[in-house]
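Structure assessment
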Amino acid sequence: MTATSMPTSEIHALLGAEAEALLTYEAKGFSKDTLHLPGPDYIDRVFAHSDRSPSVLRNYAHILGSGRLAGTGYLSIFPVDQGVEHSAGSSFAINPVYFDPENIVRLAYEGGCNCVTSTLGVLGSVARKWAHKIPFMVKLNHNEFLSYPNRYDQVMFASVEQAFEMGAIAVGATVYFGSEESTRQIQEVSAAFARAHELGMLTVLWCYTRNPAFKTKDVDYHVSADLSGQANHLGVTIGADIIKQKMPENNGGYTALKFGKTHPLVYSDLIPGDHPIEMTRYQLANCYMGRIGLINSGGASTSNDFAESVRTAVVNKRAGGMGLILGRRAFQRPFADGVKLLNALQDVYLDKSITIA
């Protein structure tokens, strides 16, 4: 898992014309002094004041102490649930080696990740060989994508007890806030997270908005800062220890869609302008000002994966986030390149010259 860190100059080069705007920006909304930021002492300084048990704190420390980012307070998580969510064929045809679950875990391990996240079946099939070598997180629910016509509903595929018995120390789940099924999903995930905490396991919520009305002809407000921020606020309310959220791409979902409740100060003072660091910091503020960590997702694979992944990491880190959860961009490329990509985003968090905005 050893790798030479990318020099700062290479990070600058990958950011291209955005380098100065992203690396020198000073946030004007929420001051960094008001945030609970990641760091080597994060558990003692912040998380230990919560109602989580010593067993949860121990397992959180184990995850934070694993991989290339060990001891920094930052996270690089490798997630692969696309075999269910998108179909195995669409996900793994480019690299058929990932039909074998061991290669998923091996990429996370050799890529220096803190944790590997996947389905009950994927992790269970290799648990006795790998669960003691890299922290396991079982994703409990999924959007089953074989029904015709397609449905969009997260349903439970596994129990917390099954995850615990295989040696996993964390569980993850998704709630589609705003969907017709969200009430049931909230109840199911809240109960699962409560049980996970009883067993000493860490909980991570994929905190997504989903409603056809959130996407207009011109703008996709599923990734607006105000709506995704409120989704985060609901997610921490049901006991998530870490929030996983998509990187915000716009703002003003409440006002454009003319629903719900918001306030003009959200747009004038709390998120001044449309700088990605300001919008991501609003997401963090809704995670109890960083008392619950925010990790952003890497997104779909593109022709510019290295630059886009480094950009996402820089925005997350400078906003006060805790790290990235990146899967498709890494496994939909040759194995060695996947390792290099994971290392590249980790290098942003290892680079001490990249500081909180």
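The paragraphs below set out a description of the structure included in this document. Within any chain, residue numbers begin from 1 and follow the written order of that chain's sequence. Side-chain atom pairs in this predicted model are given and counted only at pLDDT of 80 or more, local residue features only at pLDDT of at least 70, and totals for whole chains, interfaces and linings cover all residues. Side-chain measures were taken over the full set of non-hydrogen atoms in the model, leaving aside hydrogen atoms and water.

1. A word on the overall build of the protein
- Per the convention used, a helix needs a DSSP run of H or I reaching at least four residues, while a strand needs a run of E reaching at least two, with both numbered from the N terminus. On a plain count of helices and strands, the protein comes out with 17 helices and 10 strands.
- Here the globule rule is a power law, 2.2 Å times the number of residues to the power 0.38, and the radius of gyration is based on C-alpha atoms. Computed over its C-alpha atoms, the radius of gyration of the protein comes to 19 Å, within 12% of the 21 Å expected for a compact globule of 357 residues.
- Across its three principal directions, the C-alpha atoms of the protein cover 55 × 45 × 45 Å.
- Here a residue-residue contact requires only that any non-hydrogen atoms of the pair lie within 4.5 Å. In the protein, the share of contacts with a sequence separation of at least 24, taken over all contacts with a separation of at least 6, comes to 73%.

2. Description of the packing of aromatic side chains
- Geometry of aromatic contacts follows a simple scheme: Phe, Tyr and Trp rings, the Trp one being its six-membered ring, pair when their centres are within 6.5 Å, and the pair is stacked under 30 degrees between planes, edge-to-face over 60, tilted otherwise. Scanning the entire structure with this criterion turns up 12 aromatic pairs.
- The cationic tip of Arg106 hangs over the ring face of Phe335; the distance from NZ or CZ to the ring centre is 4.3 Å.
- To sit over a ring, a charge needs its Lys NZ or Arg CZ within 6 Å of the ring centre and within 35 degrees of the ring normal. Looking at Lys139, its charged tip hangs above the ring of Trp206, at a distance of 5.2 Å from the centre.

3. What about the pattern of salt bridges?
- The working definition used for a salt bridge is a side-chain nitrogen of Lys or Arg within 4 Å of a carboxyl oxygen of Asp or Glu. This structure, assessed with the given rule, holds 16 salt bridges.
- For Asp305, the salt bridge identified is with Arg329, shortest N-O distance 3.6 Å. Here Arg329 lies in helix 16 (residues 328–331) and Asp305 lies in helix 15 (residues 305–319), a separation of 24 residues in the sequence. Considered together, Asp305 and Arg329 belong to a single accessibility category, that of buried residues.
- Two residues, Arg329 and Glu308, come together in a salt bridge whose shortest N-O distance is 2.9 Å. Only protein chains enter the accessibility calculation, which uses a 1.4 Å probe. A residue is then buried if its area is under 20% of the maximum for its type, exposed if over 50%, and partly exposed in between.

4. Remarks on the pairing of strand 3 (residues 136–139)
- Side chains Phe136 and Val138 project from strand 3 onto one buried face, and the interleaved Met137 and Lys139 project onto a second face that is buried too.
- Of the strand pairs in this sheet, strand 3 and strand 6 (residues 170–177) are connected by three bridges, and their pairing is parallel. Its bridge partner being in strand 6, Lys139 is matched across the sheet by Gly172. Pairing between strands is defined by DSSP: at least two bridges between them are needed.

5. Notes on the sheet that holds strand 7 (residues 202–209)
- Spatially, eight strands are ordered 1-2-3-6-7-8-9-10 in a closed barrel, and the strand pairing comes out parallel. This sheet shows a mean twist of 25 degrees between the axes of neighbouring strands, independent of strand direction.
- Pairing of strand 2 (residues 115–118) with strand 3 involves three bridges; the strand directions are parallel. When the bridges of strand 3 are listed, Thr117 appears paired with Met137.
- Running over the sheet, helix 10 (residues 182–198) touches strand 6 and strand 7 and is turned about 165 degrees from strand 6. What counts as an axis is a line fitted to C-alpha atoms, over the stretch in contact for a helix, and the angles between N-to-C directions run from 0 to 180 degrees.

6. Structural notes on the pairing of strand 1 (residues 75–80)
- Counted residue by residue, strand 1 has six buried out of six residues, so it is predominantly covered.
- Judged by which residues are buried, strand 1 turns out to be covered on both faces: Leu75, Ile77 and Pro79 on one side and Ser76, Phe78 and Val80 on the other are all buried.
- Sheet analysis places strand 1 next to strand 10 (residues 323–325), joined by three bridges and oriented parallel. Bridge pairing links Ile77 to Ile325 in strand 10.
- Examined bridge by bridge, strand 1 and strand 2 share four bridges and lie parallel to one another. Its bridge partner lying in strand 2, Phe78 is registered against Val116.

As far as function goes, none of this settles anything; it's purely spatial.
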